[in-house]
Amino acid sequence: MKVTVTAIVCCTILVAVTTPIFAQSACELTFERIGEDWVPSPLDQNTGELSLLDRPQSDHHGALRIPAKTPKSFGVTYYPWRDWSGYTTLSFELYLPPEMPATADVQVY
């Protein structure tokens, strides 16, 4: 059974540092440049057109909306190169709608 789902990455993605040797400040990645910095993943051909969630009354307003249909994989790629040396933590919020299959996997690569 194919189910249409939308994954929503909330707020901003934060990369934090925990080692004092390479002390770097936290880096916030916003969703301002969809289609330039943030694009559908070339590895996951099932991803629809990315957009910002426009629901002012929602806790997820301004989040990145990633439309797709299960059971195929879908995802998003962030292109600007950055040296992530010294960062040890990746933090983000992910909202999956109730219709998302319970067997879904979330992968960061």
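Here the residue numbers are simple positions, counted from 1 along each chain's written sequence. pLDDT decides what is reported in this predicted model: residues at 70 or higher carry local features, side-chain atom pairs at 80 or more are listed and counted, and totals for whole chains, interfaces and linings draw on all residues regardless. Heavy atoms from the whole structure form the basis of all side-chain values; hydrogens and water molecules are not counted.

1. A word on the environment of C27
A run of DSSP states H or I qualifies as a helix once it reaches four residues; a run of E qualifies as a strand once it reaches two. Both are numbered from the N-terminal end. Examined against the element boundaries, C27 turns out to sit in strand β2 (residues 27-29). C-alpha of C27 to C-alpha of W84: the two residues are 57 residues apart in sequence and 9.8 Å apart in space.

2. Some words on the pattern of salt bridges
By definition here, a salt bridge exists when the distance from a side-chain nitrogen of Lys or Arg to a carboxyl oxygen of Asp or Glu is within 4 Å. According to the stated counting rule, one finds 2 salt bridges in the structure shown. As a salt-bridge pair, R33 and E36 come within 3.3 Å of each other at their nearest N and O atoms. Notably, a salt bridge pairs D37 with R33, separated by 3.0 Å at the nearest N-O pair. Whether a residue is buried, partly exposed or exposed follows from its accessible area with a 1.4 Å probe, protein chains only, as a fraction of its type maximum: under 20%, in between, or over 50%, in that order. Overall, D37 belongs to the buried group, its relative accessible area being 13%. Here R33 falls in the partly exposed class, since its relative accessible area comes to 42%. Within this structure, R33, E36 and D37 form a network of salt bridges that share partners.

3. Quick look at the packing of aromatic side chains
For any pair of aromatic rings, geometry is given as the distance between the ring centres together with the angle between the planes. Side-chain rings of Phe, Tyr and Trp, where Trp is taken by its six-membered ring, are said to pair if the distance between their centres is within 6.5 Å; with planes under 30 degrees apart they count as stacked, over 60 as edge-to-face, and otherwise as tilted. Here the structure, examined in full by the defined rule, presents 2 aromatic pairs. Ring centres of F31 and W38 lie 5.0 Å apart, and the angle between their planes is 65°; this geometry places the pair in the edge-to-face category. There is no split in this pair, since F31 and W38 are both buried. Judged by centre distance (4.6 Å) and plane angle (45°), the ring pair of W38 and Y78 falls under tilted. Placement of the pair is W38 in strand β3 (residues 38-40) and Y78 in strand β6 (residues 76-78), with a sequence separation of 40 residues. The class of W38 is buried, set by a relative accessible area of 4%. Among the aromatic residues, those joined into a ring-pair cluster are F31, W38 and Y78.

4. Here's the deal with a nonpolar patch on the surface
Only residues whose relative accessible area exceeds 30% and that form no salt bridge are eligible for patches; like-charged ones are grouped when within 9 Å, while nonpolar side chains (Val, Leu, Ile, Met, Phe, Trp, Tyr) are grouped when within 5 Å. Surface accessibility in these figures is a Shrake-Rupley result with a 1.4 Å probe; residues are shielded only by whichever protein chains are displayed. A cluster of nonpolar side chains, contributed by L90, F92, L94, L96, V106 and V108, occupies part of the molecular surface with about 490 Å² of accessible area. By the element assignment, V106 lies in the segment after β7 (89-95).

5. Focus on the side chain of S41
Considering the arrangement of structural elements, one finds S41 in the loop between β3 and β4 (51-52). Among the residues examined, S41 registers a relative accessible area of 7% and is labelled buried.

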